[in-house]
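Each chain is listed here by its residues.
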Amino acid sequence: MKITFVLNGRSRTIDAPPLARLLDVLRGTLGLTGTKEGCGEGECGSCTVLLDGVPVNACLVAAGQCDGRTVLTVEGLENKDGLSDLQDAFVTEGGAQCGICTPGFLMAARALLAGNPQPGEGEIREGIAGNVCRCTGYQRIVESIRHAGKERASREPG
Amino acid sequence: MALVGRSVPRADGPAKVSGTAHYVDDLTRPGVLLGATLRSPVARGRLRGIRRDPAFDWAGVTVVTAEDVPVNVVALIEEDQPVLAADEIRHAYEPLALVAAEDPVRLAGALRALTPEIEPLPPVLTVADALARKAQIHGSDNIFATYRISKGDAARAIARSPVRLNGTYRTPHQEQLYIEPQGMLAFWDACGAHLQGSLQCPFYVQKGVKRTFSLDDAHVDVTQAVTGGGFGGKEEYPTLLALHALLLAKKSGQPVKMIYDRQEDIEATTKRHPCEVTIESGCDREGNLSAVSINVLMDGGAYVTLTPVVLSRGALHAAGAYRWDHVAIEAVAVATNTPPNGAFRGFGAPQTIWAIERHMDRIARELSLDPLLLREKNLLRVGDTTPTGQLLKESVGIQRCVEEAKKASGWDTKRATLGRAAPVRPVAAMQRQTAPGGSASRKARGIGASVFLHGAGFTGSGERKLKGRVAIDMFRAPSEKKPRFRIRTASTDIGQGTETVFLQIAADVLRVPMDRVEFATPSTAVVPDSGPTVASRTVMIVGSIVESAARELFARIEYERQKRGGSFDDAALRLLADQDPVVSEKTYEPPAELAWDDATYRGDAYPVFAWGCDIAEVEVDLDTFETAVLGFWAAHDVGKAIHPLMCKGQIEGGTLQAIGWALNERLVVKDGKILNARMSTYIVPTSLDAPRFTTILVEDPYSKGPGGGAKGIGELPMDGGAPAIAAAIEHATGIIRDDLPLLPEDLFAARQTGT
Amino acid sequence: MNPAEIALHPFERPASLAELCRTLSTRAVRKEKTVLLAGGTDWIVERRLAPLESPDDLPLVLDVSRLPEMRAIHVAKEHAAIGAAATFLEIKSHPVLSRRVPVLTAMAREVGAVQIQARGTLGGNLATASPAADGAAALMALDADVVLASVTGERRVPLTQFFTGYRATRRAENEAIVRVEFALPRTGAHQMWRKVGTRAAQAISKVAFAAVVELEHGRGVRAGFGMASVAPVTASLPTVRALALAPNLASVSEQELEAATRRDITPIDDLRSTAAYRAHVAVALVKCFFRSLRTAIGS
Ligand SMILES: Cc1cc2nc3c(=O)[nH]c(=O)nc-3n(C[C@H](O)[C@H](O)[C@H](O)COP(=O)(O)OP(=O)(O)OC[C@H]3O[C@@H](n4cnc5c(N)ncnc54)[C@H](O)[C@@H]3O)c2cc1C
Ligand code: FES
Ligand code: FES
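All figures in this text were calculated on a predicted structure; none of them were measured in a lab. (Residues numbered from 1 in each chain as written. Chains lettered and ligands numbered in written order. Predicted model: local features only at pLDDT ≥ 70, side-chain atom pairs only at ≥ 80, totals over all residues. Heavy atoms only, no water.)

1. Let's talk about the overall build of chain B
Summing up its helical and strand segments, chain B has 20 helices and 27 strands in all. Taking 27 Å as the expected radius of gyration for a compact globule of 755 residues, we find that chain B reaches 27 Å, a close match to that expectation. Principal-axis analysis of the C-alpha atoms places the extent of chain B at approximately 80 × 75 × 65 Å. In chain B, which comprises 755 residues, the proportion classed as buried is 65%. When contacts within chain B are restricted to residue pairs at least 6 apart in sequence, those whose partners lie at least 24 apart make up 81%. Total accessible area on chain B stands at roughly 24900 Å², and carbon and sulfur atoms take up 50% of it. (Helix = DSSP H or I, 4+ residues; strand = E, 2+ residues; numbered from the N terminus. Rg over C-alpha atoms; globule rule 2.2 N^0.38 Å. Buried < 20%, exposed > 50% of the residue type's maximum accessible area, 1.4 Å probe, protein only. Contact = heavy atoms within 4.5 Å. Areas by Shrake-Rupley, 256 points an atom, 1.4 Å probe, with all protein chains shown as cover.)

If you want it as C-alpha cells, here you go:
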C-alpha cells in the first residue's frame, strides 16, 4: 500500500504493507535507525516517536494508520544550529548513559515541553513514565528535561 | 583548567542524542542473513536428533547443528558448555540448532519446521536437590566451587559471646534487563572471522572464537558496537552468541545478524545467582561485634560460566564493612538444570551484603540499638584487617559516608518520629479523608540504612596475572597543524562513561584540550588487551594505565622540548616527523606490596575498597502493602570523582537496580522455565517508582588511583539499596523480611503469618 | 507471530461507519474473519504471542481509529457519550469529564503511560474483555451502556451484561462498538478510582476499584461499582452495591462489607499477584470507600 506522511517536516510516500510496524518502516524502509526497539510490545518506550505531535510507541503503530499524518523522530529534533536545547541538555546533564533509551525519552520530553514549557518534577516523571531506562535511575533524565525547559524560558522572555 | 573533577559534556553524547550512534541492530552488510536459535523446551534430556519438516521449502535456509561446530565448547573458565547441545541437554532454552534466512518470515517458518527429538531426563531444579545429588549433573557432587575464608577462631568466639544470633537470608534471581537486547553481526573473509556486537569484553569473545574455530589472534576481529547497557549481562554471554552467528555465517557464506527479542533475551541469557546465606554472630550487649560464621550457597545454573568468581566475590564481601576478630566463611555454588547464572553488577556481593546487613538489623533489634549506631561502632578503619587478613592502609571513607548520609537524610529525627517499628496502628487511629477520586488509605513511614563496601579491581592476584595493557598514539591528522592523540584500550563504554573519563585523564596529563584526544573503537584488531570491562576495574585499573601511558608520552615530548626548544606542539611535531604515530604502550603494574594466596584465601583481596552508606525513607500503604520510596540518600566514598555528574549517574542507576530488586522484580521459574520473560511481567521501576536521590560523593583518595585517587565504583551502588529498603519497611510497619523480594504480596503474606 | 508475519494481514480503512458495518456483515455471512483495529495496543501485542496462521487464512484488519462516528466525546447536561475510538488521552484531557466524572479521568490517567493513552481506546478495552481492563471497571461503576452498531442499526447492552465470560462479550461478529453512554453523576457524587498495579505507572492492575455513589438524605440513591482483576470478567460487585443502596448505609459494618466483597469476587493466583492478596486489597478498598461515605453521611 502507498502510504504518504510528513516525516520530520518532509512529505514522504512509501510502499509498505499497511500492517508493518511504523518502527520497521522507519528503521528499515526509511533507514532512520535512531528509533530503537527494546521490547516490541509497548512496555519500554525506546521506540517512541511523535504522531501528530503525540508520543506513541512505534512498535505498536501500523504503518497504514499513519497515512496522511505527521511523524517526528529523533532524527528530526535538530534545528539549523545543530542539537536542540533538549538534546544538548541530555549531553551536559547526564541524561544519556548507554543511550539506547535516549531517543525515546527525547521524544516523550519534546511532547511534554511543547504542552508545558516549564514542567515540575512530578509532571516530568509522569510524562516519561512510559519510557524505561535501566542505566540512569531517571534522576539525570529528569534534570536534563528540567534544564531544557529553563533554557528555553530564559531565552524566550514572557 | 584541569578536566579531571569536572563534569564535561559526554564525549559520546551528541551521537546518542541525535540517533546517529550505531548499535548492533543499526548495522548491516550486503547480503546479510538473519539468524535464530532453536532452543530446548525441557530442562534436562537427551537430544536424539532434530527433525526437518520435509514439507517446508528449505531453499535459501541455512541450518547448523552440533555436527557443524568444529570444537564444540564455549571457552570460559571451564569448557563444560557446548556451543550447541550435542547429547545431554542441561537447561531449558539451551541452544540446539541455528537457522539463517534472508527474511524474517522465512526464518520464523524454518524455525517452526525444526523439531528436536528429546528423551526427557529428571531435572535437578533446586539447590537442595543438587546437594542431595538427586541426579548427577556436574562432576561427582554437583558442586561448581567451594571457598573458605578464616580468621581467628570463629566457632569458639561465638560460643563465648554474650549475645549469639543467627539467621538465614535469601535473595532471588535478577535479570539485567539492559534495554538493548543482545545482538551480533558476523562475517568471514580472507582475513578470518569478523564480529561486531553488543558486548563488554571483546577479548573474551575473541578467546572463544579462537578456541571453537582453532584460529589465532590475527584471524579473529571482534569490534564493539555502541552497546545499550550490559550490567554484567554482556560479559560472558556474547561469546556464545558470537559463535552462533559465526557458525551460520560460515555455513551460509554470507554475513549473519542475530538479534534477540526481549523474551529470548530474558529466557536464554544469564542472571544474578540466587543465594542463601546463613549467619551466626557473637557480640557483647553493647553491640561490639566479635565473631561471625557465614555459609553462602549459590545456585549456578546449568554451566560454570563465571560462577566461581561470583561466588568468590560474594564470600569476600560476606562479613560486610565491619571489624570482626574472628571470621569463618564457607561458600559453595552448585549446579542445577536452570539457565546458567552469570555476571550481574555486584557479582555476588549484593547477595551476601543483603544478608549481613539484614543480620546487623537483627542484632540492633535484639539489643534495642539504633541500627546505624551499631554499625558505626563496628566500622572498619584504617589499621584494621579484613577477614582475609588484609590490612587497610588508606582510603577508608566509610565513617564520613555514614555521617554525611545521616545528616542529609535527617536520620536521627526521622528514626525517632517515624514508624517506631510498631505493629500496624489500630483502625481507630486511621486517617479518614477521601477526596473525590482519592482514597483514604492508612500509611506508615519509616527510615532504614545500610553500610557496605566493594572491592575495586580483580580479586587477589587477578590483575597481576592479567597484565592489562593500554596504548596511546600520537599522530598527525591530515588537515591539522597540532598533534592528536588516540587512546587504544579494550575497556568498553557501555554507558558508564569510560570514553569520557579516559579522555579527561589523558588530556590532563598531556596538557591538551579534550578534543585533541580520541578514543579508538574497541576492536581486537586495533586495541591491546586491557582486560575485561568488569569488576569495577575500568577507571581505577585501566584508567591508571591510561594515565601512565599518557605520562610516558608526555615525558618523551617534554624531553624533546627541553633538548631542542620550542613549544610542546613543536616538540611533538618533531617527534612525529621521525615516526608517525608515536606510540606509548603500558602494562598494568600492580602495587608491589599486594600479596595474595589463592590456596589459603589470605592476603590482599583487593587493592582498595570503595565504601557506601545508603539511607531510604519509605511509605508503606497498610491496606495494599505498596511501598513508595520517598527519599534516598547515598553517600559513597569514590576516592576521587573524575566526572562527578557521571559518577552520580552510576550511583543512582545502580541504586535503582537495587531498589527494583527489592520492590518490583521477581523472576518466576517453574520446572526450570521462566514464566515471565516479558517486560510486561518482569517489572522494573519507572520514573514514577524511582525516588529522588540525594547523592553525596565522599572523596577519600586512593594513592594509586588515577586522576588523584579514583576508586572503582561501578558495582558499589548495587550493594546497599535492597537492605536499606528492607530496614525502612521494617521501621515503618514492623514487618521483618529476611528474604527478597519485598513485593506487596510478600509483605502481605509476612503480615498474615506474623513473621 | 513475528512483526513481519503480522504485516501480512490484509488491511482496509473504511471511510464511514456504514461502510464498516457493510463489510462486517458481508464477511460474517461468508464466515470470513475480520478484526477491528483501533489503537492496536491490545491486538498487536496479542498477535505477537499467537501462533502463526496460514497466510491465506489471516483475518482482514479494518482500521476504525479515525472513523468520525467513533471519535466524538459528547457531554450533555445529564448524559455523556464517548466514542469507541476516543483515546484515553482525549478522555483524560476533556475538561467537562474531569469535572463531572473524575473516576473516568483518574482511570484514563493511569492506563499504561502517555504513549499507551495516546493510542488505547475504550472500544478496544471493552472488546478485548480482559478482566484487568481499567476502562471497563470505571465504566461499570458508571452503569454505562455499550452501543453496538451493525447494518441493521444500533442496539444497547448494559455493561453489566456485556461480558459473558473470560474474554467473551455479547458483541456479534457483524457488530462494532460505536460508543459508550452513561448518565452523568450529579455534582457532589462520591467517586473513587484506585488502581493497585504492578508498579506506579505502565502497570496492569492487580486490583482496580471504581465506585460512584450519590447520596440523598443519608441514603444511596445511585450506586455503581467496578473492579478489575478479581474475577474472569470485570466485577460489578452486586452485593456491595446492595449495601450502598440499603437504607442502613450509615451503619453497615466492616464485617458485612468484607463478606459482601468476598462474595462478589473470585480472585486467582497468576503471574501478577495472588488470590489472597487480591481478596485482601479488594476488601480494603471497598471498606475505605464506605468509610468515606459514612463520614459524608455523618457530617
Ligand atoms: C504497555 C501497555 C500498557 C497497558 N496498560 C493498560 C492499563 O493500564 N489498563 C488497561 O486497561 N489496559 C492497558 N493496556 C491494554 C490496552 O492498552 C487497552 O486495553 C486499550 O484500551 C486497548 O485499546 P486499543 O484501541 O489499543 O485496542 P486494539 O488493540 O486496537 O483492539 C483490541 C481489540 O478490540 C477490538 N476492537 C477495537 N475497537 C473496536 C470497536 N470499536 N468495536 C469492536 N471491537 C473493537 C479489536 O478488534 C481487538 O480485538 C496496556 C497495553 C500495553 C501495551
Ligand atoms: S520497543 Fe516499543 S515500547 Fe519497547
Ligand atoms: S541510558 Fe541506558 S537504558 Fe537509559
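2. With respect to the packing of aromatic side chains
Within the structure shown, the criterion is met by 19 aromatic pairs over all chains. Taking the centre distance of 6.4 Å and the plane angle of 55° together, the rings of F502 of chain B and F519 of chain B count as tilted. Of this pair, F502 of chain B sits in helix α14 (residues 498-510) while F519 of chain B sits in strand β19 (residues 517-519); the two residues are 17 residues apart in sequence, bridging distant segments of the chain. Of the residues examined, F502 of chain B reaches a relative accessible area of 0% and is grouped as buried. Among the residues examined, F519 of chain B registers a relative accessible area of 13% and is labelled buried. The structure contains a cluster of three or more aromatic residues connected by ring pairs, namely F209, F225, F289 and F290 of chain C. Positioned above the aromatic ring of F187 of chain B is the side chain of R29 of chain B, whose terminal nitrogen or guanidinium carbon lies 3.6 Å from the ring centre. Sitting above the plane of the W661 of chain B ring, R272 of chain B keeps its charged end 5.0 Å from the centroid. (Phe/Tyr/Trp six-rings, centres within 6.5 Å; stacked < 30°, edge-to-face > 60°. Lys NZ or Arg CZ within 6 Å of the ring centre and 35° of its normal.)

3. What to know about the side chain of R125 of chain A
For R125 of chain A, the position within the fold is in helix α4 (residues 121-127). For R125 of chain A, a relative accessible area of 7% corresponds to the buried category. Those residues in contact with R125 of chain A that lie beyond four places of it in its chain are Y138, Q139 and V142 of chain A together with S687, L688, A690, P691 and R692 of chain B.

4. Focus on the interface of chain B and chain C
Across the contact, 35 residues belong to chain B and 35 residues belong to chain C. The contact between chain B and chain C buries some 2800 Å² in all, and 58% of this surface belongs to carbon and sulfur atoms. Our enumeration of links across chain B and chain C arrives at five salt bridges. Our count for the chain B to chain C interface comes out at ten residue pairs in polar contact (both at pLDDT 80 or more). (Buried area = accessible area lost by both parts, 1.4 Å probe. Salt bridge = Lys/Arg side-chain N within 4 Å of Asp/Glu carboxyl O. Polar contact = N/O pair within 3.5 Å; in protein donor to acceptor, adjacent residues only side chain to side chain.)

5. Quick notes on the interface of chain B and chain A
Often the size quoted for an interface is simply the accessible area lost on bringing the parts together. Taken together, the contact pairs 51 residues of chain B with 44 residues of chain A. Taken together, the two surfaces of chain B and chain A that pack against each other cover about 3700 Å², and 55% of this comes from carbon and sulfur. Its largest share of buried area at the contact with chain A, chain B owes to V17, I179 and S687 of chain B, together 19% of the area lost on that side. Along the contact surface separating chain B from chain A lie eight salt bridges. Here R27 of chain A ties to D25 of chain B by a salt bridge, and the two come within 3.5 Å at their closest N and O atoms.

6. Observations regarding the domain arrangement of chain A
All names here are of chain A. Domain annotation of chain A identifies domain 1 (2-73) and domain 2 (85-155). Placing the centre of domain 1 and that of domain 2 at their C-alpha centroids yields a distance of 21 Å. Domain 1 puts 13 residues into the contact, and the matching count from domain 2 is ten residues. Between domain 1 and domain 2 the total buried area reaches about 870 Å² when both faces are included, carbon and sulfur atoms providing 66% of it. Counting the surface domain 1 buries against domain 2, the share from its top three residues, K36, T48 and L50, is 37%. The tally of links between domain 1 and domain 2 comes to three residue pairs in polar contact (both at pLDDT 80 or more). (Domains from an automatic or database assignment.)

7. Some remarks on the site of ligand 1
If you check the shell around ligand 1, you find 37 residues, and the closest are L36, T41, D42, W43 and T121 of chain C. At the site occupied by ligand 1, the surrounding residues belong to chains A and C. Note that an oxygen atom of ligand 1 is positioned 2.7 Å from one of the backbone N or O atoms of G40 of chain C. Contacts to ligand 1 include G112 of chain C, whose backbone N or O atom sits 2.9 Å from an oxygen atom. (Near = heavy atom within 4 Å.)

8. Structural notes on helix α1 (residues 22-29) of chain A
Residues and elements named next belong to chain A. L22, L23, V25, L26 and R27 are the residues of α1 that are buried. Those residues of α1 hidden inside the fold are in contact with β1 (2-7), β2 (10-15), β3 (48-51) and β5 (70-72). Trailing α1 by a residue or two, G31 shows a phi angle of about 70°, which is positive.

9. Details of helix α13 (residues 254-264) of chain C
Residue and element names in this part refer to chain C. Of all the positions in α13, only L257, A260, T261 and D264 are classed as buried. One side of α13 holds all its buried residues, which, seen down the axis, span an arc of 100°. Those residues of α13 that are exposed and angled more than 90 degrees off the buried face are Q255 and R263. (Arc of directions from axis to C-beta.)

10. Considerations on the pairing of strand β3 (residues 60-63) of chain C
Residues and elements named next belong to chain C. Side chains L60 and L62 project from β3 onto one buried face, and the interleaved V61 and D63 project onto a second face that is buried too. Pairing analysis gives two bridges linking strand β1 (residues 11-12) to β3, with the strands arranged parallel. The residue of β3 that forms the bridge with E12 is L62. Sheet analysis places strand β2 (residues 34-37) next to β3, joined by four bridges and oriented parallel. Counterpart to L36 in the pairing with β3 is L62. In this view, the connection linking β2 to its parallel neighbour β3 by way of helix α3 (residues 43-49) has right-handed handedness. (Pairing = 2+ DSSP bridges. Right-handed = clockwise from strand over helix to strand, strands pointing away.)

11. What about the environment of P185 of chain C?
All names here are of chain C. Tracing the sequence through the fold places P185 in the loop between β10 (176-183) and β11 (190-197). On the basis of relative accessibility, which here comes to 0%, the residue P185 falls in the buried class. In this structure, the C-alpha to C-alpha distance between P185 and I116, residues 69 residues apart in sequence, is 27 Å. With residues up to four places along the chain from it excluded, the contact list for P185 reads R100, V101, L142, Q191, V212, E214 and R222.

12. Looking at the sheet that holds strand β11 (residues 220-224) of chain B
Residues and elements named next belong to chain B. Spatially, the seven strands line up as an open sheet ordered β3-β5-β1-β12-β9-β10-β11, and their pairing is mixed. Single-partner strands in this sheet number two, and they are β3 (62-64) and β11. Along the sheet, successive strands turn relative to each other by an average axial angle of 20°, direction set aside. Bridge count between strand β9 (residues 183-189) and strand β12 (residues 256-259): four bridges; the pairing is antiparallel. Paired with G183 across the bridge in β12 is I259. Running over the sheet, helix α2 (residues 104-112) touches β1 (33-39) and β5 (95-101) and is turned about 20° from β1. (Axes fitted to C-alpha atoms, helices over the stretch in contact; angles between N-to-C directions.)

13. Side note on the sheet that holds β3 of chain C
Residue and element names in this part refer to chain C. Spatially, three strands are ordered β1-β3-β2 in an open sheet, and the strand pairing comes out parallel. Of all strands in the sheet, those with a lone pairing partner are β1 and β2, marking the two edges. On the sheet, helix α2 (residues 17-29) packs against β1, β2 and β3 and is oriented at approximately 165° with respect to β3.

14. Digging into the nonpolar core
In terms of nonpolar packing, the biggest core is built from 195 residues, with I725 and L742 of chain B together with F209, F225, M227 and F290 of chain C touching the most fellow members. Here this core gets ten residues from one element, more than from any other, and that element is helix α14 (residues 275-298) of chain C. Setting aside residues no more than four positions away along its own chain, F290 of chain C makes contact with F225, V240, L243, A244, L249 and L257 of chain C. With 95 residues, the next largest nonpolar core counts L51 of chain A together with L62, V157 and L184 of chain C among its residues. (Core = buried A, V, L, I, M, F, W, Y, C linked by side-chain atoms within 4.5 Å.)

15. Re the state of the cysteines
Residues and elements named next belong to chain A. For the structure shown, the criterion picks out zero disulfides over all chains. In this model C66 remains outside any disulfide bridge; the closest cysteine sulfur is found in C47, 12 Å from its own. C66 gets classed as buried once you look at its relative accessible area, which sits at 0%. (Disulfide = S-S within 2.5 Å.)

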